[in-house]
Amino acid sequence: MADEGMAEQAFDSPRVLVIGAHPDDCEAGVGGTAALWAEAGASVTLVSMTDGSGGHHERRPEELIDIRRREAAAAARALGVESRVLGNRDGHLEPSLERRLEVIAMIRRARPDLVITHRPVDYHPDHRYTSVLVQDAAYMVTVPHVCPDVPHLASNPVFAYMEDRFTRPSPFRADVVVDIDSVIEKKWDAIRAHRSQFFEWLPFNQGILDRVPPDDDPAGQDRFLREWVGPWLLAPGDRYRRELVERYGETRGRRVKNVEAFEISEYGRPLEGEALGRFFPL
């Protein structure tokens with residue numbers, strides 16, 4: 001079992017590349033840990049594979065592209081990280097060879113130590129295919145004759161998946177849990193920045209748009225957001241209490257309220273031993 005001294009384990013300020021399907025996916029899955037990385041001096045980039053143009057019930061797609069790009073930039077500022085939104089059409093992403101080469105080149109240019117994405121078990125095709133594209137790129141980033149215009153990587157990064165609640169054909173496995181209590185308000189600020197999603201489109205999609213307080217009631221909107229998305233957006237510490245105690249020690253592990261969890265992919269470099277403390281802030 002870990003003891004409280006684990007918190008002093010050296011953190012290596014890695015280069016981190018988070019690849020989500022839509023402009024709010026990275027913040028929802030990795031926002032707290034991204035803020036911790038940024039505070040520790042790591043280089044963090046959040047990438048959306050699609051332009052977000054499908055995520056609304058009223059706004060025109062061409063209008064929404066600009067809105068969601070600006071929202072992603074505001075969320076990134078809240079977390080202290082960089083943001084990129086690619087031009088692939090929302091809802092139309094496919095695991096084609098063209099897109100695979102795009103992801104290979106993107107990873108090579110970023111030269112990350114750690115890449116995080118969705119699991120391929122997911123309700124949304126853009127999420128699934130983003131995962132497939134990253135997995136398909138995992139080994140190929142080291143192959144010189146594939147995508148030869150961009151220098152290959154000498155070794156694979158570590159690849160990991162964000163948490164999800166899907167169980168078939170296999171449930172999420174929490175290989176790494178991170179205490180995000182100290183940066184939880186930064187994560188909320190990042191989520192709040194995606195106004196078109198969390199105060200408009202998603203409430204409409206879920207049939208609760210009439211419950212969203214008006215813009216002149218920011219306190220009410222904040223309460224709505226925390227009560228509505230908090231239970232599924234934030235993993236409560238109780239879900240991973242055993243892992244938290246193992247990682248942070250009995251005292252701290254018992255008091256953590258909010259965590260983010262990650263599953264390590266077998267397709268990249270292993271994350272084991274001291275590498276855990278080097279890549280994930282304690």
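Structural notes, computed from the coordinates. (Residues numbered from 1 in each chain as written. Predicted model: local features only at pLDDT ≥ 70, side-chain atom pairs only at ≥ 80, totals over all residues. Heavy atoms only, no water.)

1. Points about the pattern of salt bridges
We apply this condition: Whenever a carboxyl oxygen of Asp or Glu lies within 4 Å of a side-chain nitrogen of Lys or Arg, that contact is scored as a salt bridge. Each residue is placed in one exposure class: buried if its accessible area under a 1.4 Å probe, protein chains only, is under 20% of its type's maximum, exposed if it is over 50%, and partly exposed if it falls in between.
For the structure on display, the rule yields 26 salt bridges. Notably, a salt bridge pairs E62 with R60, separated by 2.8 Å at the nearest N-O pair. Look at R60 and you get partly exposed, because its relative accessible area is 48%. Here R241 ties to D238 by a salt bridge, and the two come within 2.7 Å at their closest N and O atoms. Connected through salt bridges with shared partners, the residues R119, D164, R173, D175 and E263 form a single ionic network.

2. Considerations on the packing of aromatic side chains
Think of a pair of aromatic rings as described by two things: how far the centres are apart, and how the planes are tilted against each other in angle. We apply this condition: Here a pair means two rings of Phe, Tyr or Trp (six-membered ring of Trp) with centres within 6.5 Å. Their orientation is stacked below 30 degrees between planes, edge-to-face above 60, and tilted elsewhere. The helix count covers DSSP runs of H or I at least four residues long, the strand count covers runs of E at least two residues long, and both are numbered beginning at the N terminus. Only lysine NZ and arginine CZ atoms are considered, and such an atom sits over a ring when it is within 6 Å of the ring centre and within 35 degrees of the ring normal.
Under the counting rule described, the total for this entry stands at five aromatic pairs. Each ring, one from F224 and one from W228, has its centre 5.3 Å from the other, and the planes form 25°; the classification is stacked. Placement of the pair is F224 and W228 together in helix α7 (residues 218-233), with a separation of four residues, close to one helical turn. What makes F224 buried here is its relative accessible area of 7%. Relative accessible area serves as the criterion here: at 14%, W228 is assigned to the buried category. Three or more aromatic residues joined by ring pairs make a cluster, and in this case those are W37, F262 and F280. The ring centre of Y129 lies 5.9 Å from the NZ or CZ of R128, which sits over that ring.

3. A short note on the pairing of strand β4 (residues 114-117)
For the record, the criterion: Here the rule is simple: two strands pair whenever DSSP picks up at least two bridges between them. Think of it like this: strands point away, you trace from the first strand over the helix to the second, and a clockwise trace means the crossover is right-handed.
What you see with β4 is no split at all: L114 and I116 on one side and V115 and T117 on the other are buried throughout. The sheet contact formed by strand β1 (residues 15-20) and β4 spans four bridges and is parallel. Paired with V18 across the two strands is I116, which belongs to β4. Handedness of the β4-helix α4 (residues 125-140)-strand β5 (residues 158-162) crossover: right-handed.

4. Some points on helix α1 (residues 25-39)
Test applied: Helices are assigned an expected span. That span is 1.5 Å times one less than the residue count. Take the seven residues that end at a residue and the seven that start at it, fit an axis to each, and the angle between those axes is the bend at that residue.
The end-to-end C-alpha separation of α1 is 21 Å, in line with the 21 Å expected for 15 residues at 1.5 Å each. In α1, a bend of some 75° at G31 exceeds every other bend along the element. In terms of burial, α1 is largely enclosed, as 13 of its 15 residues are buried. G41, located one to two residues past α1, shows a positive phi value of around 95°.

What is shown is where atoms sit, not what they do.
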